[in-house]
Amino acid sequence: VPEHAELAWILGCLTNVPRLLRLPQWKTKRASQNNEGTVGLLTYPVLQAADILLYKSTHVPVGEDQVLHLELAQDIAQHFNKKYGEFFPVPKAILSEL
């Protein structure tokens, strides 16, 4: 679905790098790669946000390890809505138990 990549590009243009660098998954993976994490790894949470927001999801089932990524999607939706008007619902987490 090309719209996923297209929306990820738009949302990536609204997301600042320091916000992405604070995500623990980035820090963990980068440490295991001798501080040479890739752009794909850094921007993957923005792609996840695009996957959620593209379908205007209101609730998303997530595990504990994905809560921060959903919070990023919430932040991006709020930022987009503030800048361009109400368009994306701010998704809420449905915590799944494993």
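Residue numbers restart at each chain and count upward from 1, following the sequence in its written direction. Residues qualify for local features only when their pLDDT is at least 70, as the model is predicted, and side-chain atom pairs are given and counted only at 80 or more; totals for whole chains, interfaces and linings, by contrast, use all residues. Heavy atoms throughout the structure, all of them, feed into the side-chain values; hydrogens and water do not.

The name given to the chain in an unreviewed UniProt entry is SYWM protein, with Thalassarche chlororhynchos as the source organism.

This part is about the side chain of Gln 74. Numbering of helices and strands runs from the N terminus, with a helix taken as a DSSP run of H or I at least four residues long and a strand as a DSSP run of E at least two residues long. The topology assignment puts Gln 74 in helix H5 (residues 67-84). Filtering out sequence-adjacent residues up to four positions away, Gln 74 remains in contact with Val 90, Pro 91 and Lys 92. Contacts are assigned to residue pairs that have any heavy atoms within 4.5 Å of one another.

Okay, the packing of aromatic side chains next. Think of it this way: a Phe, Tyr or Trp ring, Trp meaning its six-membered ring, pairs with another when their centres are within 6.5 Å, and the plane angle makes it stacked under 30 degrees, edge-to-face over 60, tilted otherwise. Taken as a whole and judged by the stated rule, the model has four aromatic pairs. Geometrically, the ring pair formed by Phe 80 and Tyr 84 is tilted, given 4.9 Å between the ring centres and 50° between the ring planes. Here Phe 80 pairs with Tyr 84, and both are found in helix H5, just four residues apart, close to one helical turn. Only protein chains enter the area calculation, which uses a 1.4 Å probe; residues under 20% of their type maximum are buried, those over 50% are exposed, and those in between are partly exposed. The class of Phe 80 is buried, set by a relative accessible area of 12%. Among the aromatic residues, those joined into a cluster by ring pairs are Phe 80, Tyr 84, Phe 87 and Phe 88. To sit over a ring, a charge needs its Lys NZ or Arg CZ within 6 Å of the ring centre and within 35 degrees of the ring normal. The ring of Phe 87 carries the charged tip of Lys 56 above its face, separated from the ring centre by 3.8 Å.

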